[in-house]
Amino acid sequence: MFQIGEFSKLANVSIRSLRHYDKIGLLTPEKINTETNYRHYSAKQLQTINKIQKLKEIGLSLSVINEILSSESDAKTIQSHFAIRELELQDELETIKQQSLLLESSLAVLKEDSAKWNYHIIRKEIPERFVASIQDKIPTFASEGLLWERLYAELIPQQVPFAKEPYSMAIFHDEAYRETDVDVEVQVAIKSADYESRNGIIFKEAPAVTVASVIINGSYEQMTAVTETVATWLENHNYQLSGPMFNIYHVSIATEPNPENWVTEACFPIKEENHEI
C-alpha cells in the first residue's frame, strides 16, 4: 500500500487531483485510516490512474471517464464515447483551420502600408432611380450570391436594360447584427420599372438617400476598420444613422475573381443629429 504522496509520485498525478478524483468517486483510495484519515492506494490502482490520464489526454471529461470505468470496459460504451469524441475533434480541427486562415489574413492586413487605411469619407446623395430588387432572408452574409442569382434569373429572360449607372447594391435590413438568417436586399438600377414582378423580384422606384460614403479597394476584411472610421466621422460631423447600411459593388467577384481588385462603396444613410431631449 502507498500513502497518497508516494502514490502521487508513482502516478505522476498531483495530490490535489487524487483528492478530487476521490471526491467525485472516480478513484477511491484502497484504504483510509479512520484515525489519521490518511489515504492509501494499492499498486493495482496505478492501472486505473493510468487509464484515467490516458482518457483525459484524448479530451474526455471526468464524468465520461467515470462512466467508462464504471462500465468495466464495456466495448460498446467505449466505442460510443470515442466516436463522439472523434466528431468533436473534427469540429475543433475545422475551427482551428478557420482561425488559422483568419490569423493569416489579419497578419497580411497589419503588414499593409498604413496609408492604405486612411479612408476618405464624403457626404453624397444616391439619386432616386428605378430598380429591380429582391429581398429575402439568407443563411449568412456569405450567401448573398444566392440573391443575385435569383435576380438575374428573372432579368435576363425579360431582357431588362440596365441604367447607365447600375448601382448594383446589397442593403442590410436587420436592425441589429445577426450571424444567421440575415435580411438582405439586392438591387440594380434599370431604365424603367415597367416589368412584371414575379418570383420575389420587384420592379420599383427607389428614393434618393443621403449617405456617408467611403470607397474600399480590396477585400471585405477591411469593413471593421471602415465602420470604426465612419462612426468617428459621424460623431465629429454631428450626423446620425437614418437607415440600413448598404454596399455598392463597382468591381466585385461577379467580374473579378481577385479580391485585391475589388472596389466597393460602403454607404451609411445619415441625417443631422437631433439634439432635442
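Residues numbered from 1 in each chain as written. Predicted model: local features only at pLDDT ≥ 70, side-chain atom pairs only at ≥ 80, totals over all residues. Heavy atoms only, no water.

Enquirer: Which parts of the structure should I look at to understand the packing of helix H1 (residues 4–11) against helix H2 (residues 15–23)?
Expert: At a closest axis distance of 9 Å, the pairing of H1 and H2 adopts a crossing angle of 105°. Our classification of the angle between H1 and H2 gives roughly perpendicular. Contacts between H1 and H2 involve Ile-4, Gly-5, Phe-7 and Ser-8 from the first element and Ile-15, Leu-18 and Arg-19 from the second. Split into classes, the residues belonging to the contact of H1 with H2 amount to 4 nonpolar, 2 polar and 1 charged. (Axes fitted to C-alpha atoms, helices over the stretch in contact; angles between N-to-C directions. Helix = DSSP H or I, 4+ residues; strand = E, 2+ residues; numbered from the N terminus. Parallel < 35°, antiparallel > 145°, perpendicular 65-115°, else oblique. Contact = heavy atoms within 4.5 Å. Nonpolar A, V, L, I, M, F, W, Y, C, P; charged D, E, K, R; others polar.)

Enquirer: Would you mind showing me how to read the pairing of strand E12 (residues 263–272) here?
Expert: Along any regular strand, the residues point their side chains to alternate faces of the sheet. Judged by how many residues are buried, E12 sits mostly within the fold: 7 of 10 residues are covered. Two strands pair when backbone bridges link them, and strand E9 (residues 209–217) and E12 are joined in this way by 7 bridges, in the antiparallel orientation. Residue pairing across strands places Ser-213 opposite Cys-267, the latter belonging to E12. With 3 bridges joining them, strand E10 (residues 239–241) and E12 adopt antiparallel strand pairing. When the bridges of E12 are listed, Leu-241 appears paired with Ile-270. As defined by bridge partners, strand E11 (residues 246–251) adjoins E12 across 5 bridges and the pair is classed as antiparallel. (Buried < 20%, exposed > 50% of the residue type's maximum accessible area, 1.4 Å probe, protein only. Pairing = 2+ DSSP bridges.)

Enquirer: What's the story with the environment of Asn-236 in this structure? I'm lost.
Expert: Inspection of the secondary structure puts Asn-236 in helix H7 (residues 223–236). A relative accessible area of 57% means that Asn-236 is categorised as exposed. Taking C-alpha positions, Asn-236 is 32 Å from Val-188, a pair spaced 48 residues apart along the chain.

Enquirer: Got a minute to help me understand the packing of aromatic side chains in this structure?
Expert: Within a pair of aromatic rings, the relevant descriptors are the distance that separates the centres and the angle that separates the planes. Tallying each qualifying case throughout the model produces 10 aromatic pairs. With centroids separated by 6.1 Å and ring planes inclined at 25°, the aromatic side chains of Phe-141 and Tyr-177 adopt a geometry described as stacked. Taken together, the residues span a long stretch of sequence, with Phe-141 in the loop between strand E5 (129–138) and helix H6 (144–158) and Tyr-177 in the loop between strand E6 (169–172) and strand E7 (182–190) at a distance of 36 residues. For Phe-141, a relative accessible area of 34% puts it in the partly exposed group. Classification of Tyr-177 as exposed rests on a relative accessible area of 64%. (Phe/Tyr/Trp six-rings, centres within 6.5 Å; stacked < 30°, edge-to-face > 60°.)

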